[in-house]
Amino acid sequence: MTAYPPVARRALVSLARDSLVLAERAARRPMDHVRWTPPQRAFLESRSPFKLLRTGNQFGKTWAGACELIARCTGHHSYKPVRPPPIEAWVICKSWSQSIAIQQKVWRLLPRDEIVPETSFSAKNGFAGVQKAVVFRNGSVVRFKTVGQDTLDLESATIHYVWIDEPLGDEHTFGALQMRLRRTGGDIAITMTPATTGDLRWLRKLVDEGMVEDLHFRMEAANFVPVGATEPLRTEDGTPMDALWVEEQLAKTLPWQRGVRCHGEWEFSNATRALESFSRERHVVHGVHASGLLPARVELALGIDYGEDALRTCGVEVYVDTAGQHPRIFVVGEYAPQQGTTVDMDADGILEMLAGNGDRWSDLDAAWADKRYEGRTTRKNARLFHDAIARRLKVTGELRPQLRVAKRGLRRDHFWSSIRWLHEAMIRPGHFHVDASCAWTIEALEKWQGGEAEIYKDIIDALRYALRAYWGGRADQQGRVVRRRF
Ligand SMILES: Nc1ncnc2c1ncn2[C@@H]1O[C@H](COP(=O)(O)OP(=O)(O)O)[C@@H](O)[C@H]1O
Ligand SMILES: [Mg+2]
């Protein structure tokens with residue numbers, strides 16, 4: 001052990017004690033140790049009875065909302081005077097899972113010495129008790145309500161503060177809450193990114209009429225640096241949210257979603273192209289096979305989407321180079337018949353497409369198809385396709401590889417995430433190629449506006465399906481038979 005002179009030892013002991021006290025205080029009162037960013041500060045400083053913090057994702061909206069909530073319950077707010085406690089505060093969420101995520105953030109920021117000791121939180125069930133409540137020593141109470149699940153018994157409730165995290169598409173609930181608050185002279189705060197399927201015109205109208213203070217911040221590096229600090233916030237994996245990160249977020253987001261998801265704008269823009277990053281000059285290759293771009297080993301995959309009319313049943317063949325960090329994609333074949341087809345015609349067409357690249361069914365590593373199509377005169381599904389192809393190849397039993405249903409085992413929101421994945425491949429130099437022979441695919445990538453009913457949607461789906469193992473995540477790749485070409 002090092003021998004310190006008595007004075008130094010005392011100084012060290014006292015230093016250690018001080019830092020222990022500080023750490024303990026931080027654990028008891030986590031909120032006091034957060035340094036807030038300009039958007040968060042603007043929200044916390046706002047004295048409007050009705051305010052809205054409107055930004056893109058990851059700006060720390062929920063944290064700011066949680067801090068405001070807690071400060072109002074305790075009665076000490078660092079930035080303004082608040083109503084003397086006790087108060088009744090409600091947190092309104094859209095879904096139970098969202099509610100749990102918010103409760104978790106509130107729990108992290110709660111001052112441990114100001115809540116009743118019986119308060120307990122579990123990551124699975126949220127705050128304990130039927131009421132899902134946080135009770136403060138001073139008598140303030142926070143209740144978490146989920147629209148549509150909890151009866152918002154507004155008639156009998158006395159509420160002083162309401163926090164809505166992420167938009168309520170529902171004007172009605174909002175009106176009722178507002179009426180209730182009017183009786184107590186209570187306040188309301190909304191923190192959100194306006195990405196919702198609901199209609200937000202009512203809220204916009206309130207903003208335009210000046211009824212709501214609209215604190216709107218765009219995705220700019222300065223908005224991620226806490227006031228008084230020099231370093232920006234970091235993401236959960238430790239990446240600094242600096243100018244480079246901001247640029248990357250903007251590039252990664254689909255152009256027409258950028259306004260809303262990054263900048264907190266009210267509406268998705270009317271970009272006429274869903275995949276604006278696709279360009280003939282950068283992505284189309286005349287003769288992929290002879291181009292020298294293909295590595296010695298690629299994985300082969302096929303995607304099939306069905307419909308009844310011309311151009312609604314489509315097949316796409318892709319080669320994927322998986323040697324690097326991100327898959328490099330080569331679209332080498334398409335089947336896009338110009339007239340209505342039967343399953344038998346489709347089976348012929350798809351095998352012909354493979355043959356055009358010198359490939360047989362057995363060369364494929366994976367084959368993915370749509371679930372089913374029930375039309376006026378035609379029925380198409382993976383089983384019928386499988387059987388039609390198997391008959392042609394004189395295979396009895398299962399084909400190898402099997403024809404698998406692309407949607408099986410996916411979360412519901414896979415659609416836009418897979419489109420975003422394509423977009424990311426397109427902006428990564430050298431990672432997305434389409435052979436010039438795939439004229440319909442090229443036209444679709446250029447012209448598809450993102451709509452379900454557009455004629456271009458089916459070949460886009462076939463392409464997504466072909467690449468299913470790559471954007472579908474790890475779990476979905478299990479059981480994939482990986483055989484390679486050459
Ligand atoms: N001022 C801050 N200082 C440090 N970390 C913060 C701050 N604000 C937010 N965070 C971190 O960023 C993460 C995302 O914040 P959150 O409030 O969930 O963002 P949003 O609701 O805007 O998507 C939080 O889990 C938290 O760890
Ligand atoms: Mg949030």
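Thresholds, definitions, all that
Residue numbering note: each chain is counted from 1, following its sequence as written. The order in which chains are written sets their letters, starting at A; the order in which ligands are written sets their numbers, starting at 1. Selection of residues for local features in this predicted model requires a pLDDT of at least 70, selection of side-chain atom pairs for listing and counting requires 80 or more, and totals for whole chains, interfaces and linings are taken over all residues. Side-chain calculation: all heavy atoms of the structure are included, whereas hydrogens and water are not. Where helices are involved, their axes are fitted lines through C-alpha atoms of the stretch in contact, as for all axes, and angles between N-to-C directions lie from 0 to 180°. In this text, helices come from DSSP runs of H or I with a minimum length of four residues, and strands from runs of E with a minimum of two, each type numbered from the N-terminal end. Reported orientations rely on four angle classes, namely roughly parallel under 35 degrees, roughly antiparallel over 145, roughly perpendicular from 65 to 115, and oblique for the rest. We call two residues in contact whenever any of their non-hydrogen atoms come within 4.5 Å of each other. Only Asp, Glu, Lys and Arg are considered charged in this grouping, and only Ala, Val, Leu, Ile, Met, Phe, Trp, Tyr, Cys and Pro are considered nonpolar; every other residue, Gly among them, is considered polar. Take the buried residues of types Ala, Val, Leu, Ile, Met, Phe, Trp, Tyr and Cys, join any two whose side-chain atoms come within 4.5 Å, and each joined set is a nonpolar core. The buried label goes to any residue with under 20% of its type's maximum accessible area, the exposed label to any with over 50%, and the partly exposed label to all in between, with areas taken from a 1.4 Å probe on protein chains only. By convention, a stacked pair of Phe, Tyr or Trp rings (six-membered ring in the case of Trp) has centres within 6.5 Å and planes under 30 degrees apart, an edge-to-face pair has planes over 60 apart, and any other such pair is tilted. Here, proximity means that at least one heavy atom of the residue falls within 4 Å of the molecule or strand. Side-chain atoms alone can form a polar contact between residues adjacent in sequence; in general such a contact is a pair of N or O atoms within 3.5 Å, and within protein one must be able to donate a hydrogen while the other accepts it. We get accessible surface area from the Shrake-Rupley algorithm with a probe of 1.4 Å; when it comes to residues, only the shown protein chains can shield them.

(A) Focus on the packing of helix α13 (residues 439-447) against helix α14 (residues 457-466). Remark: α13 packs on α14, axes separated minimally by 9 Å, with the N-to-C direction vectors making an angle of 105 degrees. Looking at the two axes, α13 sits roughly perpendicular to α14. Listed contacts from α14 to Trp-440, Thr-441, Ala-444 and Leu-445 of α13 are Ile-459, Ile-460 and Leu-463. Residue composition of the contact of α13 with α14, grouped by class: six nonpolar, one polar and no charged.

(B) Spotlight on the nonpolar core. Counting residues in hydrophobic clusters, the biggest one holds 44 residues, and the most contacted among them are Val-318, Val-331, Phe-432, Leu-445, Leu-463 and Leu-467. Sorting the residues of this core by element identifies β12 (314-321), β13 (328-335), β14 (366-369), α12 (414-427), β18 (432-435), α13, α14 and α15 (468-471) as the ones contributing at least two each. Within the second largest apolar cluster, 39 residues are counted, among which are Leu-69, Ala-89, Ala-189 and Met-219.

(C) Examining the packing of aromatic side chains more closely. Tallied over the full model, the rule gives 17 aromatic pairs. Ring plane angle 20 degrees and centroid distance 5.7 Å describe the contact between Trp-107 and Phe-121, whose orientation is recorded as stacked. With Trp-107 in helix α4 (residues 96-109) and Phe-121 in strand β3 (residues 121-122), the pair connects residues that are 14 residues apart, well separated along the chain. Since its relative accessible area comes to 21%, Trp-107 is described here as partly exposed. Phe-121 sits in the buried class, given a relative accessible area of 16%.

(D) Summary view of the site of ligand 1. In the vicinity of ligand 1, the contacting residues are Val-34, Arg-35, Trp-36, Gln-40, Gln-58, Phe-59, Gly-60, Lys-61, Thr-62, Trp-63, Lys-105 and Leu-233. Here an oxygen atom of ligand 1 and a backbone polar atom of Gln-58 are 3.1 Å apart. In this structure, Thr-62 approaches ligand 1 through a side-chain N or O atom, which is 2.8 Å from an oxygen atom. Burial of ligand 1 by the surrounding chains reaches 78%, relative to a free accessible area of 560 Å². Of the residues assigned to the shell around ligand 1, the class counts are five nonpolar, four polar and three charged.

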